[in-house]
Amino acid sequence: MSLNHVRPWRNIYRRKSRQIMVGSVPVGGDAPIAVQTMTNTLTTDVAATVAQVQAAAEAGADIVRVSVPDEASSKALKEIVRESPVPIVADIHFHYKRGIEAAEAGAACLRINPGNIGDEKRVQEVIKAARDHDCSIRIGVNAGSLEKHLLEKYREPCPDAMVESGLEHIRILQDNDFHNFKISVKASDVFLSAAAYQGIAEATDAPIHLGITEAGGLVSGTIKSAIGLGNLLWMGIGDTIRVSLSADPVEEVKVGYEILKSLGLRHRGVNIISCPSCARQGFDVIKTVEALEQRLEHIKTPMSLSIIGCVVNGPGEALMTDVGFTGGGAGSGMVYLAGKASHKMSNDQMIDHIVEQVEKKAAELDAAAEAAE
């Protein structure tokens, strides 16, 4: 990211990693941190899976992963890849042949779990298929499925065991002259994940896929992921992320972007700054924000909007946003444009008017960006 010389306390110095390609998406190096999710439909239901991939892509997913548990799924994957607007990662467990079939079907990347893919000879066959079909690989170390010899050595899943597992499989890929890979070291425990990721980040220059696995439902999983991923990203670790939630994949994408937006690492859509509301509010802030979040989902242009219930912090917040509305009295509030007070608007018309102002500003920003190219 570009350095902020005015506010140096906002700077994040990303770890230097080499860059690989996942289909058309660069991962690592100075590429933007890619946002991923995973489908939860039956892969053999091509129509449902493609619909979910398309919805995730529309929400901003750069890459989507699809599980390939059986031969029928491998066959379906070919059609899914053909219809997908984004690169598809094939999720492979236990059956190394599924990895070979997925590469042949056009997957952009193979996610293999070192703990259950089989012996080194089988991994070599997957490597050959990936090379033959210009497919990258993600080494997916997971605390819940570490190799037996590492569990015997360390007695329990721990950061050192996870890092050692990852390095063992990096060695296999490198010994086979395969370098188009990234790595993850996931656990459901935030502390274990963070320590393992810090360890692997120091031990290799491979791009890192961040995630807190099996994080939980929408609320609890979002909080756990924000803590774990947010801290690692703040440290400069991470080249692509997936927020693992027991929820719609679109929600994973939204949460992933919000984490990145909060750190200034990616910008997409409207960043709404709003107060929690109190007795001073001049309008119903909570309902207004809920309505605006839905009404503005179609805006992809990075911009900011402040919705503040009263004049205590409203004018100050509006100074820093593209569009703002601050509650006043007598059933109306002040509209701010580009940080300056512009005009008053009645509360009963404010939502439609704010949507109109945001759409207008987005169009202006898009035009300016296009002219600058």
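Placed above this text is the structure.
The following paragraphs examine the structure supplied in this document.

Conventions adopted
Residues numbered from 1 in each chain as written. Predicted model: local features only at pLDDT ≥ 70, side-chain atom pairs only at ≥ 80, totals over all residues. Heavy atoms only, no water. Helix = DSSP H or I, 4+ residues; strand = E, 2+ residues; numbered from the N terminus. Rg over C-alpha atoms; globule rule 2.2 N^0.38 Å. Buried < 20%, exposed > 50% of the residue type's maximum accessible area, 1.4 Å probe, protein only. Contact = heavy atoms within 4.5 Å. Areas by Shrake-Rupley, 256 points an atom, 1.4 Å probe, with all protein chains shown as cover. Lys, Arg positive; Asp, Glu negative; His and termini not counted. Charge placed at Lys NZ, Arg CZ, Asp CG, Glu CD. Phe/Tyr/Trp six-rings, centres within 6.5 Å; stacked < 30°, edge-to-face > 60°. Lys NZ or Arg CZ within 6 Å of the ring centre and 35° of its normal. Pairing = 2+ DSSP bridges. Axes fitted to C-alpha atoms, helices over the stretch in contact; angles between N-to-C directions.

**What about the overall build of the protein?**
Link 1 in the chain: When its secondary structure is counted, the protein shows 12 helices and 15 strands.
Link 2 in the chain: Here the C-alpha radius of gyration of the protein, 23 Å, is about what a compact globule of 373 residues would show, namely 21 Å.
Link 3 in the chain: Here the C-alpha coordinates of the protein stretch approximately 75 × 40 × 40 Å along the principal axes.
Link 4 in the chain: Residues classed as buried in the protein amount to 51% of the 373 residues present.
Link 5 in the chain: A fraction of 63% describes how many contacts in the protein between residues 6 or more apart in sequence connect residues 24 or more apart.
Link 6 in the chain: For the protein, the exposed area adds up to about 17,300 Å²; of that, 52% sits on carbon and sulfur atoms.
Link 7 in the chain: With 38 positive and 47 negative side-chain charges, the protein shows a spacing of 2 Å between the two charge centroids.

**Comments concerning unusual backbone geometry**
Link 1 in the chain: Despite not being glycine, Phe-94 has its phi angle at roughly 70°, a positive value.
Link 2 in the chain: Residue Phe-94 is classed as exposed on the basis of its relative accessible area of 53%.
Link 3 in the chain: Even without glycine at this site, Ser-277 takes up a positive phi of about 80°.
Link 4 in the chain: Judged by relative accessible area, Ser-277 falls into the partly exposed class, the value being 25%.

**Some points on the packing of aromatic side chains**
Link 1 in the chain: Here the structure, examined in full by the defined rule, presents one aromatic pair.
Link 2 in the chain: Centre to centre, the rings of Phe-283 and Phe-325 are 5.3 Å apart; their planes meet at 75°, and the pair counts as edge-to-face. One end of the pair, Phe-283, is in the loop between strand E11 (270-274) and helix H10 (285-295); the other, Phe-325, is in strand E13 (residues 323-327), and 42 residues separate them in sequence. The pair Phe-283 / Phe-325 is uniform in exposure class, with both members buried.
Link 3 in the chain: Positioned above the aromatic ring of Phe-181 is the side chain of Arg-18, whose terminal nitrogen or guanidinium carbon lies 4.4 Å from the ring centre.

**Here's the deal with the sheet that holds strand E8 (residues 181-186)**
Link 1 in the chain: Taking strand neighbours across the sheet as the criterion, the eight strands line up as E8-E7-E6-E5-E4-E3-E10-E9 in an open arrangement whose pairing is parallel. If you trace the sheet from one side to the other, it starts and ends with E8 and strand E9 (209-210), each paired once.
Link 2 in the chain: Of the pairings in the sheet, the one linking E9 to strand E10 (residues 240-242) comprises two bridges and is parallel in character. The residue bridging Leu-210 from the neighbouring strand is Ile-241, located in E10.
Link 3 in the chain: Each of strand E6 (109-112) and strand E7 (136-142) touches helix H4 (residues 120-132); the most contacted strand, E6, lies at about 165° to it.
Link 4 in the chain: Strands E7 and E8 of the sheet are contacted by helix H6 (residues 159-175), whose axis makes an angle of about 155° with E7.

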